[in-house]
Amino acid sequence: MKQASTKSRLLLILLSIVLSVSGSYAQTDALFTQYYEVPSYYNPAAIGNSDYVRIRVGSRLQWLGIDGAPLTFLGLADMPVKVGTKRVGLGVVLQQESIGLYSNINASVQAGYKFKALKGVFTAAVNIGFVDRNFKGSEVYIPDDDDFHESTDDAIPTTDVHGTAFDIGAGIDYVHPRFHAGVSFMHANSPTVRFTSDSGSAGGGDAGAATGESAKNYEFQSPATLYFLAEGNIPIKNTLFEVMPSLMVVSDFTFTTGQITGRVRYNKFLTAGLGYRYNDAVSLVLAAEIKGFFIGYSYDYPVSKVSLASSGSHEVFAGYSLKLNLGEKNKNKHKSIRIM
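Because the structure is predicted, anything quoted here is derived from the model rather than measured. (Residues numbered from 1 in each chain as written. Predicted model: local features only at pLDDT ≥ 70, side-chain atom pairs only at ≥ 80, totals over all residues. Heavy atoms only, no water.)

Novice: Help me out: how do you make sense of empty space enclosed by the protein in this one?
Specialist: Per the counting criterion, the structure on display carries seven cavities of 30 Å³ or more. The computed volume of the largest cavity comes to approximately 110 Å³. Every residue lining the largest cavity is listed: Asp29, Tyr41, Val93, Asn106, Ala107, Ser108, Asn127, Gly129, Phe130, Asp167, Met186 and His187. When residues of the lining of the largest cavity are traced back to their parent elements, those giving at least two are strand E4 (102-117) and strand E5 (120-136). Tallied by class, the residues present in the lining of the largest cavity amount to five nonpolar, five polar and two charged. (1 Å grid on protein atoms, 1.4 Å probe; cavity = no way out; pocket = protein on both sides within 12 Å on 5 of 7 lines; lining within 4 Å. Points joined across faces, edges and corners; volume = space filled by probe spheres on them. Helix = DSSP H or I, 4+ residues; strand = E, 2+ residues; numbered from the N terminus. Nonpolar A, V, L, I, M, F, W, Y, C, P; charged D, E, K, R; others polar.)

If you want it as structure tokens, here you go:
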């Protein structure tokens, strides 16, 4: 007989929050420590802010030491495009995450319109895509002596279930030579994936309705989420150093959190800094950039009770920026409006 384990208990507690017969409501976007390197993941308006095709790929290994803890992969790219005399931004985002027996995929395309005002450049953009949710209910095991669930807990599917739903979002971003700031409203339609345990399939809207008396309904809702991101760039006079403070605040109108980071960059090459995520972790960040290539690493040390079971979280991002020619008048004379 299988033995009860910390993994079983942690997973079942998590599932009681994520999946329930009456529905669920939980933060679904990953909170990356290097959020300032992937701003278009949180705000579709943060695209095309330089004369480059900008690519970032990375992974976050959260709560090392806890079985079934979140493992997240993210890839995104954006670029500017000239349409006549106007400038627009285009972007793509793909994110995959697994948490125990649960996994999700978010994929989207982004488009934004740029215009000059207030000595800077504004971008208004939309995010259109889908959310995909999967749960391996056939692998659920609930120990008989579990203190939180009965062995036949109706709140947890016992068959594999899967579903998708349409997802939209929007945002606005302002770029100034010394700072940029933006606000976005992601998952604006609160996409809901409904699962039906008898058939092992589901969909958005009413597609997951029960088909029989033995069928059990489950659903996962991605809550509408508000993001605010801001970042500054402060040169230290007569040196090759610059200070880059940044801030991100997140709210789904039920739960609100935020993180702040302070970095110092030398000669636009080496970067180091410290960060803090509210009631969660302190972090160390390191990065290097050379000839368009980028590599960044961060380590989070938990300050919550998670520290009793985990030694921390690791995150790595890599990327490349390819310069574009956006017209004969500025051929080979590009000047970035992005302060990264």
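Novice: When you look at the environment of Tyr266 in this model, what are you seeing that I'm missing?
Specialist: As for its placement among the helices and strands, Tyr266 is situated in strand E14 (residues 256-266). Sequence spacing of Tyr266 and Val243 is 23 residues, and the spatial spacing of their C-alpha atoms is 9.1 Å.

Novice: In this structure, what is going on with the pairing of strand E15 (residues 270-277)? I would like to understand it.
Specialist: Every other side chain in a regular strand lies on the same face of the sheet, so the side chains alternate between the two faces. Only one face of E15 is covered, namely the face carrying Thr271, Gly273, Gly275 and Arg277; the face carrying Leu270, Ala272, Leu274 and Tyr276 is uncovered. In the sheet, E14 pairs with E15 via eight bridges, with the strands oriented antiparallel. When the bridges of E15 are listed, Arg263 appears paired with Gly273. Between the antiparallel neighbours E14 and E15 lie three residues, among them Asn267 with a positive phi of about 55°. Of the strand pairs in this sheet, E15 and strand E16 (residues 281-290) are connected by eight bridges, and their pairing is antiparallel. Bridging across to E16, Leu274 finds its partner in Leu284. (Buried < 20%, exposed > 50% of the residue type's maximum accessible area, 1.4 Å probe, protein only. Pairing = 2+ DSSP bridges.)

Novice: I keep staring at the packing of aromatic side chains and nothing clicks. Help me out?
Specialist: In this description, an aromatic ring pair is defined by two values, namely the gap between the centres and the angle between the planes. For the coordinates displayed, the defined rule picks out 13 aromatic pairs. Aromatic pair Tyr42 and Tyr227: ring centres 5.1 Å apart, planes at 50°, arrangement tilted. Here Tyr227 lies in strand E11 (residues 225-232) and Tyr42 lies in helix H2 (residues 39-42), a separation of 185 residues in the sequence. Summarising the burial analysis for this pair, Tyr42 and Tyr227 share the class buried. Taken together, the ring pairs in this structure connect Phe32, Tyr41, Tyr42, Tyr227 and Phe317 into an aromatic cluster. Across from the ring centre of Tyr36, 3.7 Å away, lies the NZ or CZ of Arg263, which sits over that ring. (Phe/Tyr/Trp six-rings, centres within 6.5 Å; stacked < 30°, edge-to-face > 60°. Lys NZ or Arg CZ within 6 Å of the ring centre and 35° of its normal.)

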